[in-house]
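Observations on the model geometry
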Amino acid sequence: MARHDDPGGAETIWLNARLATLASSANGLGTVDNGALAARSGRIVFVGPEEEVPAAWRARARIVDCVGRWITPGLIDCHTHLVYGGDRAREFEMRLAGATYEEIARSGGGILSTVRATREASEEALLGAALRRLDALVAEGVTTIEVKSGYGLEEGTERKSLRVARRLAENRPVAVRATLLAAHALPPEFAGDRAAYVEAVAEQMIPALAAEGLVDAVDAFCERIAFTPAEVARVFDAARGLGLPVKLHADQLSNGGGAALAAKFGALSADHLEYTDDAGVVAMAGAGVGAVLLPGAYYVLRERQAPPVALLRKHGVPIAVATDSNPGTSPLTSLLLALNMAATLFGLTVDECLAGATRNAAKALGVGGETGTLEVGKWADLAIWDIERPAELVYRLGFNPLHARVWRGQ
Ligand code: DI6
Ligand code: FE
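As a starting point, this report considers the structure included with it.

What to know about the overall build of the chain
- Across its full length, the chain holds 16 helices and 15 strands.
- For the chain, whose C-alpha radius of gyration is 21 Å, the value lies close to the compact-globule estimate of 22 Å for 410 residues.
- Overall size of the chain, expressed as C-alpha extent along the three principal axes, is 70 × 40 × 40 Å.
- Expressed as a percentage of contacts within the chain between residues at least 6 apart in sequence, the contacts between residues at least 24 apart total 73%.
- About 15200 Å² of surface is accessible on the chain, with carbon and sulfur atoms providing 51% of the total.

Structure (C-alpha cells):
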C-alpha cells in the first residue's frame, strides 16, 4: 500500500475511513478497511492503513474523523455537453407521440434547434444555465468534468461555448476539460456544401480556438446524420497536426466504423459504441483507446442494442461511464444514475461502474496521471460517502449519499 515518508508532513488527514482507492495495481476497488488519507498542497501524500500514518504528521495536521464513512476518488464525468441554450422538452413530447430522434433531426429540429438557441444566448446566460447543471453533478461528488462545445457550429459561438466551459472552472471548485466538437452537425449555412464546412473546421476553427488556449481535445460525431469517417479523418488530421488529442462519438446509432477510426487516430476514447463490432473493439484495444459508455442516451432513445461489454472486457478495453448530459438525447445531470443505468441496462458490475466514473474516466480525458484514483502524488480529489458498502453508489436511483466533497485537498 502506498506510504509516504515525506518530511513535509500533511495539512489534512482523514482518519477512520474505508477507502476504495481504485488503484489499477489493486484488485477490484482497492479497498482499505481501517484507512487514512493525507494531503498537502492539494496532493495526496499518504493513503493506506490508518496505523501507518506517521505519528509526527498527526500532531500538526488538521484531522478529519470520517467515522467509518467511505472515501472514493472524486467522480469524473468524462463526456458532457453541458453548455447550451434552451431545452428540447417539446421534442421529448414529439418522441412520446411516436417521432424518432433521426426524423426530428432530419426535419431541422434536434441538434440544430439547440444550435439556434445557443447562438442567440449571451455568454452570461449560457454560463448561468450550465452552472445549474454543473451544481447537480458537483453535489454528487464530481471533481472533474469534460465539457464539449458543438452547439455553435460557427467560430464565434464555438468560442463562446468554450469560454463558458473555462469559466465553469473559475466559478466552481472543479477541473474542466474543454473539448471542441465543431463537427457535431452540419450547420444550416453549409447545407449544400459539406466539404466546405469540414474545411472550415479543420483549417480555421481548430487552429484559431486552439491558439486561444480554449481547446484541450477535439471530438466529432461520426454517424449517418452527422459526419462520415472521411470527414472526421480530415478534422482529426488537423487536430493531431496541432498536437491535440482526439475523441469520437462512435457507432451510436449505426456501425459506421467509428471505433476503428478512433483507433487509427490514437484517440483518448471512443464513446457510445452501441453498434461497434468485434473488429472495432480489437482495433480499440490495439491502439489503447478507452471506451466511454453513455447509458443515458441509450435509455432516452429507447435503444435496443447495448454496447459490446463482453467484447470490451475480453479485449481489455478500459470502460468509462458518463452522463452525456445534453438537451436532446440525455438530459441527465446525475452521474450516479448513469452508473445505475450502466449496471442495469449494460450489465456492468459495481466495480466496473465505479472504475468507470473514476480511474477509467480520467484515462478517457488524458488526466489519469493526475486524478481518478487515491494514490500518492495525485490530486486530493475525494468523495466521502454515507454508505455501508460501495454497491450503494450504483444500486440506488435518485438518492445522493454524498457526505462531503474534497477538491485539491479542500
Ligand atoms: N450524440 C448524442 O447523443 C448527442 N450528440 C451526439 O453527438 C445528441 C445531441 C443532441 O441531440 O443535442
Ligand atoms: Fe455526446
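A few points about the site of ligand 1
- Close contacts around ligand 1 come from 14 residues, with Arg-88, Tyr-101, Tyr-151, His-184 and Thr-329 the closest.
- Side-chain polar atom of Arg-88 to an oxygen atom of ligand 1: 2.7 Å apart, as the coordinates give it.
- Within the contact set of ligand 1, a nitrogen atom lies 2.8 Å away from a side-chain nitrogen or oxygen of His-184.
- If ligand 1 stood free it would expose 320 Å²; the protein chains cover 100% of that surface.

Thoughts on the coordination of the iron ion (ligand 2)
- Each protein donor to the iron ion (ligand 2) is listed here as His-79 (NE2), His-81 (NE2), His-249 (NE2) and Asp-324 (OD); together their distances run 2.1 to 2.3 Å.
- Positions of the donor residues of the iron ion (ligand 2), expressed as sequence spacing, correspond to H-x1-H-x167-H-x74-D. His-81 carries the same exposure label as His-79, and that label is buried.

Details of the pairing of strand β7 (residues 142–148)
- Burial analysis of β7 places seven of its seven residues in the buried class, the great majority of the element.
- Where strand β6 (residues 75–77) and β7 come together, three bridges link them in parallel fashion. Looking at the pairing, Asp-77 lines up with Ile-145 of β7.

Brief notes about the pattern of salt bridges
- The final tally for this structure, using the stated rule, is 24 salt bridges.
- Here Arg-234 makes a salt bridge to Glu-199, at a shortest N to O gap of 2.7 Å. Placement of Arg-234 in helix α8 (residues 229–241) and of Glu-199 in helix α7 (residues 194–211) is noted, with a sequence separation of 35 residues between them.
- According to the relative accessible area criterion, Arg-234 is partly exposed, its value standing at 24%.
- Taking the relative accessible area as the measure of exposure, Glu-199 reaches 34% and is therefore partly exposed.
- Here Arg-313 makes a salt bridge to Glu-352, at a shortest N to O gap of 2.6 Å. Separated by 39 residues along the polypeptide, Arg-313 in helix α12 (residues 309–314) and Glu-352 in helix α14 (residues 350–356) bring together distant segments of the chain.
- Since its relative accessible area comes to 18%, Glu-352 is described here as buried.

A closer look at the packing of aromatic side chains
- Applying the stated criterion to the full structure yields five aromatic pairs.
- On the basis of an interplanar angle of 25° and a centroid distance of 6.3 Å, the ring pair of Tyr-197 and Phe-227 is categorised as stacked. Of this pair, Tyr-197 sits in helix α7 while Phe-227 is found in the loop between β9 (217–222) and α8, placing the two residues 30 residues apart along the sequence.
- Measuring from ring centre to ring centre gives 5.4 Å for Phe-236 and Phe-265, while their planes differ by 75°; the resulting arrangement is edge-to-face. In this pair, Phe-236 is assigned in helix α8 and Phe-265 in the loop between α9 (258–264) and β11 (269–272), connecting sequence segments 29 residues apart.
- Given the relative accessible area of 0%, Phe-236 is considered buried.
- Taking NZ or CZ as reference, Arg-43 lies 3.7 Å from the ring centre of Trp-379, over its face.
- Positioned over the ring face of Tyr-84 is Arg-133, at 3.6 Å from the centre of the ring.

Focus on the side chain of His-81
- Relative to the elements of secondary structure, His-81 occurs in the loop between β6 and α2 (89–96).
- Of note is the side chain of His-81, whose polar atom sits 3.2 Å from the side chain of His-79.
- Looking at His-81, its side chain comes within polar contact range of the side chain of His-249, at 3.3 Å.
- Excluding anything up to four places from it in sequence, His-81 contacts Lys-148, Tyr-151, Leu-181, His-184, His-249, Asp-324, Ser-325 and Asn-326.

Quick word on helix α5 (residues 123–138)
- The end-to-end C-alpha separation of α5 is 21 Å, in line with the 22 Å expected for 16 residues at 1.5 Å each.
- Residues Glu-123, Leu-126, Leu-127, Ala-130, Leu-131, Arg-133, Leu-134, Leu-137 and Val-138 constitute the buried set of α5.
- Of the surrounding elements, those touching the buried residues of α5 are β6, α4 (111–120), β7, α6 (155–171), α13 (335–346) and β15 (402–406).

Quick word on the side chain of Thr-276
- With respect to the element layout, Thr-276 can be found in the loop between β11 and α10 (278–287).
- Polar side-chain contacts of Thr-276 include one of 2.7 Å to the side chain of Asp-251.
- Residues in contact with Thr-276, not counting those within four places in the same chain, are Asp-251, Ala-259, Val-281 and Pro-308.

Description of the sheet that holds strand β8 (residues 175–183)
- Strands sit in the order β6-β7-β8-β9-β10-β11-β12-β13 across an open sheet of eight strands; the sheet is parallel. One side of each edge strand has no neighbouring strand; the edge strands of this open sheet are β6 and β13 (319–321). Pairwise comparison of adjacent strand axes, ignoring direction, gives a mean angle of 25° for this sheet.
- Where β9 meets strand β10 (residues 246–250), five bridges bridge the pair, whose relative direction is parallel.

The rules behind each value
- Residues numbered from 1 in each chain as written.
- Chains lettered and ligands numbered in written order.
- Predicted model: local features only at pLDDT ≥ 70, side-chain atom pairs only at ≥ 80, totals over all residues.
- Heavy atoms only, no water.
- Helix = DSSP H or I, 4+ residues; strand = E, 2+ residues; numbered from the N terminus.
- Rg over C-alpha atoms; globule rule 2.2 N^0.38 Å.
- Contact = heavy atoms within 4.5 Å.
- Areas by Shrake-Rupley, 256 points an atom, 1.4 Å probe, with all protein chains shown as cover.
- Near = heavy atom within 4 Å.
- Polar contact = N/O pair within 3.5 Å; in protein donor to acceptor, adjacent residues only side chain to side chain.
- Donors = N, O, S within 2.8 Å, 3.2 Å for Na, K, Ca; no water.
- Buried < 20%, exposed > 50% of the residue type's maximum accessible area, 1.4 Å probe, protein only.
- Pairing = 2+ DSSP bridges.
- Salt bridge = Lys/Arg side-chain N within 4 Å of Asp/Glu carboxyl O.
- Phe/Tyr/Trp six-rings, centres within 6.5 Å; stacked < 30°, edge-to-face > 60°.
- Lys NZ or Arg CZ within 6 Å of the ring centre and 35° of its normal.
- Expected span 1.5 Å × (residues − 1).
- Axes fitted to C-alpha atoms, helices over the stretch in contact; angles between N-to-C directions.

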